[in-house]
Amino acid sequence: MKKGVTQAQQIDAGRRVVDAGMELSEYVMPGLGGRALWREHAVETARALNAINPHFIRLRSLRVPKRVPLHDLVEKGEFELPSDDETAREIKLFLEQLDGITSTVASDHIMNLLEEVEGKLPEDKERMIAVVDRYLGLSEKDRLIYRVGRRGGAFRSVDDLDRHPETYRKIESMILNLQGKDQSELEAYIKGMVDQYI
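Quick summary incoming for the structure in this document. Note that the structure is a prediction, hence the values are computed from the model and not measured. (Residues numbered from 1 in each chain as written. Predicted model: local features only at pLDDT ≥ 70, side-chain atom pairs only at ≥ 80, totals over all residues. Heavy atoms only, no water.)

**Notes on the side chain of Asp85**
At step 1: Looking at the secondary structure, you find Asp85 in helix α4 (residues 84–97).
At step 2: Overall, the relative accessible area of 14% leaves Asp85 in the buried class.
At step 3: In this structure, Asp85 is in contact with Tyr135, Leu136 and Arg143, ignoring residues within four places of it in sequence. (Helix = DSSP H or I, 4+ residues; strand = E, 2+ residues; numbered from the N terminus. Buried < 20%, exposed > 50% of the residue type's maximum accessible area, 1.4 Å probe, protein only. Contact = heavy atoms within 4.5 Å.)

Right, dumping it as C-alpha coordinates:
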(Lines give C-alpha, C1' and ligand atoms only; values in the text may rest on other atoms or scores of the structure.)
Protein backbone atom coordinates (compact mmCIF):
# COMPACT_ATOMS: atom_id res chain seq x y z
CA MET A 1 0.00 0.00 0.00
CA LYS A 2 3.09 2.22 0.15
CA LYS A 3 1.93 3.88 3.36
CA GLY A 4 5.47 5.07 4.01
CA VAL A 5 5.62 3.90 7.62
CA THR A 6 6.36 0.66 9.45
CA GLN A 7 4.02 -0.91 11.98
CA ALA A 8 6.32 0.36 14.76
CA GLN A 9 6.13 3.90 13.40
CA GLN A 10 2.34 3.70 13.17
CA ILE A 11 2.15 2.54 16.77
CA ASP A 12 4.53 5.28 17.93
CA ALA A 13 2.56 7.99 16.12
CA GLY A 14 -0.74 6.67 17.44
CA ARG A 15 0.54 6.57 21.02
CA ARG A 16 1.83 10.13 20.72
CA VAL A 17 -1.60 11.37 19.59
CA VAL A 18 -3.39 9.56 22.42
CA ASP A 19 -0.83 10.65 25.02
CA ALA A 20 -1.22 14.25 23.85
CA GLY A 21 -4.92 14.07 24.73
CA MET A 22 -6.23 14.23 21.17
CA GLU A 23 -9.05 12.01 19.95
CA LEU A 24 -7.75 9.37 17.56
CA SER A 25 -9.60 7.32 14.96
CA GLU A 26 -7.65 4.49 13.35
CA TYR A 27 -9.07 3.18 10.08
CA VAL A 28 -8.90 -0.53 9.32
CA MET A 29 -9.45 -1.93 5.84
CA PRO A 30 -10.60 -5.57 6.05
CA GLY A 31 -9.62 -7.38 2.87
CA LEU A 32 -6.40 -5.44 2.31
CA GLY A 33 -4.32 -8.57 2.78
CA GLY A 34 -6.22 -10.27 -0.03
CA ARG A 35 -6.85 -13.98 0.05
CA ALA A 36 -3.18 -14.76 0.65
CA LEU A 37 -2.52 -12.62 3.72
CA TRP A 38 -5.95 -12.17 5.34
CA ARG A 39 -4.99 -13.91 8.56
CA GLU A 40 -1.73 -11.98 8.99
CA HIS A 41 -3.54 -8.74 8.16
CA ALA A 42 -6.18 -9.35 10.85
CA VAL A 43 -3.74 -10.40 13.56
CA GLU A 44 -1.07 -7.75 12.92
CA THR A 45 -3.60 -4.94 12.57
CA ALA A 46 -5.14 -5.92 15.91
CA ARG A 47 -1.68 -6.12 17.47
CA ALA A 48 -0.92 -2.54 16.40
CA LEU A 49 -4.25 -1.26 17.67
CA ASN A 50 -3.82 -3.08 20.98
CA ALA A 51 -0.59 -1.12 21.40
CA ILE A 52 -2.22 2.22 20.50
CA ASN A 53 -5.67 1.96 22.16
CA PRO A 54 -7.23 4.60 19.87
CA HIS A 55 -10.54 6.19 20.77
CA PHE A 56 -12.16 4.79 17.63
CA ILE A 57 -11.47 1.86 15.31
CA ARG A 58 -13.35 2.47 12.07
CA LEU A 59 -13.87 -0.36 9.59
CA ARG A 60 -13.74 0.45 5.86
CA SER A 61 -13.88 -2.77 3.85
CA LEU A 62 -11.59 -2.91 0.82
CA ARG A 63 -12.95 -1.78 -2.52
CA VAL A 64 -10.72 -1.57 -5.58
CA PRO A 65 -12.00 0.88 -8.21
CA LYS A 66 -10.28 1.00 -11.58
CA ARG A 67 -8.48 4.26 -10.78
CA VAL A 68 -6.23 2.78 -8.06
CA PRO A 69 -2.94 0.93 -8.77
CA LEU A 70 -4.11 -2.18 -6.89
CA HIS A 71 -6.73 -2.70 -9.62
CA ASP A 72 -3.97 -3.56 -12.09
CA LEU A 73 -2.71 -6.32 -9.78
CA VAL A 74 -6.25 -7.69 -9.46
CA GLU A 75 -6.61 -7.73 -13.25
CA LYS A 76 -3.28 -9.56 -13.60
CA GLY A 77 -4.29 -12.12 -10.97
CA GLU A 78 -1.45 -11.05 -8.67
CA PHE A 79 -3.87 -9.92 -5.94
CA GLU A 80 -6.98 -11.96 -5.17
CA LEU A 81 -9.86 -10.03 -3.70
CA PRO A 82 -11.60 -11.80 -0.83
CA SER A 83 -15.31 -12.52 -1.04
CA ASP A 84 -17.78 -10.93 1.36
CA ASP A 85 -17.82 -14.16 3.38
CA GLU A 86 -14.02 -14.22 3.56
CA THR A 87 -13.94 -10.59 4.65
CA ALA A 88 -16.48 -11.38 7.37
CA ARG A 89 -14.19 -14.16 8.64
CA GLU A 90 -11.27 -11.74 8.66
CA ILE A 91 -13.29 -9.22 10.68
CA LYS A 92 -14.18 -11.95 13.17
CA LEU A 93 -10.53 -12.92 13.62
CA PHE A 94 -9.57 -9.25 13.94
CA LEU A 95 -12.18 -8.69 16.66
CA GLU A 96 -11.07 -11.81 18.51
CA GLN A 97 -7.51 -10.45 18.62
CA LEU A 98 -8.42 -7.07 20.11
CA ASP A 99 -7.46 -7.21 23.78
CA GLY A 100 -6.75 -4.90 26.69
CA ILE A 101 -8.13 -1.77 25.02
CA THR A 102 -11.12 0.50 25.50
CA SER A 103 -11.66 1.62 21.89
CA THR A 104 -15.04 2.02 20.23
CA VAL A 105 -15.39 -0.05 17.05
CA ALA A 106 -17.52 1.50 14.30
CA SER A 107 -18.66 -0.08 11.05
CA ASP A 108 -20.13 3.20 9.91
CA HIS A 109 -19.97 3.08 6.12
CA ILE A 110 -22.29 1.58 3.51
CA MET A 111 -19.32 -0.30 1.99
CA ASN A 112 -19.26 -2.48 5.10
CA LEU A 113 -21.42 -5.56 4.87
CA LEU A 114 -22.14 -5.77 8.60
CA GLU A 115 -23.08 -2.36 9.94
CA GLU A 116 -23.99 -3.83 13.33
CA VAL A 117 -20.36 -4.70 14.08
CA GLU A 118 -19.93 -1.78 16.43
CA GLY A 119 -19.57 -1.25 20.12
CA LYS A 120 -17.27 -0.43 23.00
CA LEU A 121 -14.40 -2.65 24.00
CA PRO A 122 -14.16 -4.80 25.95
CA GLU A 123 -17.81 -5.05 26.95
CA ASP A 124 -19.31 -5.37 23.45
CA LYS A 125 -16.65 -7.64 21.96
CA GLU A 126 -18.66 -10.88 22.14
CA ARG A 127 -21.78 -9.19 20.78
CA MET A 128 -19.83 -7.88 17.78
CA ILE A 129 -18.36 -11.31 17.10
CA ALA A 130 -21.89 -12.75 17.36
CA VAL A 131 -23.04 -10.40 14.57
CA VAL A 132 -20.42 -11.90 12.25
CA ASP A 133 -21.29 -15.43 13.36
CA ARG A 134 -24.96 -14.77 12.71
CA TYR A 135 -24.24 -13.69 9.15
CA LEU A 136 -21.87 -16.61 8.50
CA GLY A 137 -24.46 -19.00 9.97
CA LEU A 138 -27.08 -18.03 7.39
CA SER A 139 -27.79 -20.39 4.53
CA GLU A 140 -25.91 -19.64 1.30
CA LYS A 141 -29.15 -18.37 -0.22
CA ASP A 142 -29.89 -16.01 2.67
CA ARG A 143 -26.31 -14.70 2.71
CA LEU A 144 -26.66 -13.87 -0.98
CA ILE A 145 -30.04 -12.18 -0.47
CA TYR A 146 -28.63 -10.19 2.45
CA ARG A 147 -25.57 -9.13 0.42
CA VAL A 148 -27.73 -7.86 -2.44
CA GLY A 149 -30.12 -6.15 -0.02
CA ARG A 150 -27.32 -4.53 1.95
CA ARG A 151 -25.41 -3.42 -1.14
CA GLY A 152 -28.60 -1.99 -2.60
CA GLY A 153 -29.40 -0.10 0.60
CA ALA A 154 -32.51 -2.13 1.47
CA PHE A 155 -31.01 -3.96 4.49
CA ARG A 156 -29.00 -2.61 7.41
CA SER A 157 -29.11 -5.72 9.59
CA VAL A 158 -29.32 -9.47 9.16
CA ASP A 159 -32.61 -9.16 11.06
CA ASP A 160 -34.01 -7.29 8.05
CA LEU A 161 -34.24 -10.61 6.21
CA ASP A 162 -37.15 -11.45 8.55
CA ARG A 163 -38.41 -7.92 9.13
CA HIS A 164 -39.01 -7.20 5.45
CA PRO A 165 -40.42 -10.33 3.78
CA GLU A 166 -41.65 -8.44 0.71
CA THR A 167 -38.17 -7.02 0.06
CA TYR A 168 -36.72 -10.48 0.66
CA ARG A 169 -39.00 -11.94 -2.02
CA LYS A 170 -38.21 -9.17 -4.52
CA ILE A 171 -34.48 -9.66 -4.08
CA GLU A 172 -34.87 -13.43 -4.29
CA SER A 173 -36.73 -13.06 -7.60
CA MET A 174 -34.12 -10.66 -8.97
CA ILE A 175 -31.32 -13.06 -8.02
CA LEU A 176 -33.08 -15.95 -9.74
CA ASN A 177 -33.27 -13.88 -12.93
CA LEU A 178 -29.59 -12.95 -12.74
CA GLN A 179 -28.49 -16.47 -11.83
CA GLY A 180 -30.22 -17.77 -14.90
CA LYS A 181 -27.57 -15.96 -16.92
CA ASP A 182 -24.20 -16.36 -15.22
CA GLN A 183 -22.88 -16.41 -11.63
CA SER A 184 -20.15 -13.94 -12.53
CA GLU A 185 -22.83 -11.53 -13.78
CA LEU A 186 -24.50 -11.62 -10.37
CA GLU A 187 -21.21 -10.93 -8.58
CA ALA A 188 -20.48 -8.09 -11.03
CA TYR A 189 -23.92 -6.65 -10.26
CA ILE A 190 -23.23 -6.76 -6.49
CA LYS A 191 -19.77 -5.25 -6.99
CA GLY A 192 -21.28 -2.44 -9.04
CA MET A 193 -23.74 -1.63 -6.27
CA VAL A 194 -20.95 -1.33 -3.71
CA ASP A 195 -18.55 0.57 -5.93
CA GLN A 196 -21.11 3.34 -6.45
CA TYR A 197 -20.40 4.45 -2.86
CA ILE A 198 -16.67 5.01 -3.41
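Following the structure, the description resumes.
**Structural notes on the side chain of Thr45**
At step 1: Positionally, Thr45 belongs in helix α2 (residues 38–52).
At step 2: Within the structure, Thr45 has its side chain in polar contact with the backbone oxygen of His41 (distance 2.6 Å).
At step 3: Here Thr45 is in contact with Val28, Glu40 and Phe94, once residues within four sequence places are set aside. (Polar contact = N/O pair within 3.5 Å; in protein donor to acceptor, adjacent residues only side chain to side chain.)

**Observations concerning the packing of α2 against α4**
At step 1: Between α2 and α4, the least distance of the axes is 8 Å, while the angle of their chain directions is 30°. Crossing hand, α2 versus α4: right-handed. For the pair α2 and α4, contact is made by Trp38, Arg39, His41, Ala42, Val43, Thr45, Ala46, Leu49 and Asn50 and by Arg89, Glu90, Leu93, Phe94 and Gln97, respectively.
At step 2: Looking at the contact of α2 with α4 residue by residue, the classes come out as 7 nonpolar, 4 polar and 3 charged. (Axes fitted to C-alpha atoms, helices over the stretch in contact; angles between N-to-C directions. Left-handed = near helix turned anticlockwise from the far one by under 90°. Nonpolar A, V, L, I, M, F, W, Y, C, P; charged D, E, K, R; others polar.)

**Concerning the packing of aromatic side chains**
At step 1: Counted according to the given criterion, the structure contains 2 aromatic pairs.
At step 2: A ring pair is formed by Tyr135 and Tyr146, whose centres lie 6.0 Å apart and whose planes are at 55°; its orientation type is tilted. Taken as a pair, Tyr135 in helix α5 (residues 125–136) and Tyr146 in helix α6 (residues 140–151) lie far apart in primary sequence, 11 residues in all.
At step 3: The class of Tyr146 is buried, set by a relative accessible area of 0%.
At step 4: Ring geometry for Tyr146 and Phe155: centres 6.2 Å apart, planes at 5°, overall stacked.
At step 5: What links up through ring pairs into an aromatic cluster is the set Tyr135, Tyr146 and Phe155. (Phe/Tyr/Trp six-rings, centres within 6.5 Å; stacked < 30°, edge-to-face > 60°.)

**Observations regarding the packing of helix α1 (residues 7–19) against α2**
At step 1: Running from N to C, α1 and α2 point in directions that differ by 30°, and their axes come no closer than 8 Å. In terms of orientation, α1 lies roughly parallel with respect to α2. In the crossing of α1 with α2, the sense of the turn from one axis to the other is right-handed. In this structure, α1 uses Gln7, Gln10, Ile11, Gly14, Arg15 and Val18 to contact α2, whose residues at the interface are Glu44, Arg47, Ala48, Ala51 and Ile52. (Parallel < 35°, antiparallel > 145°, perpendicular 65-115°, else oblique.)

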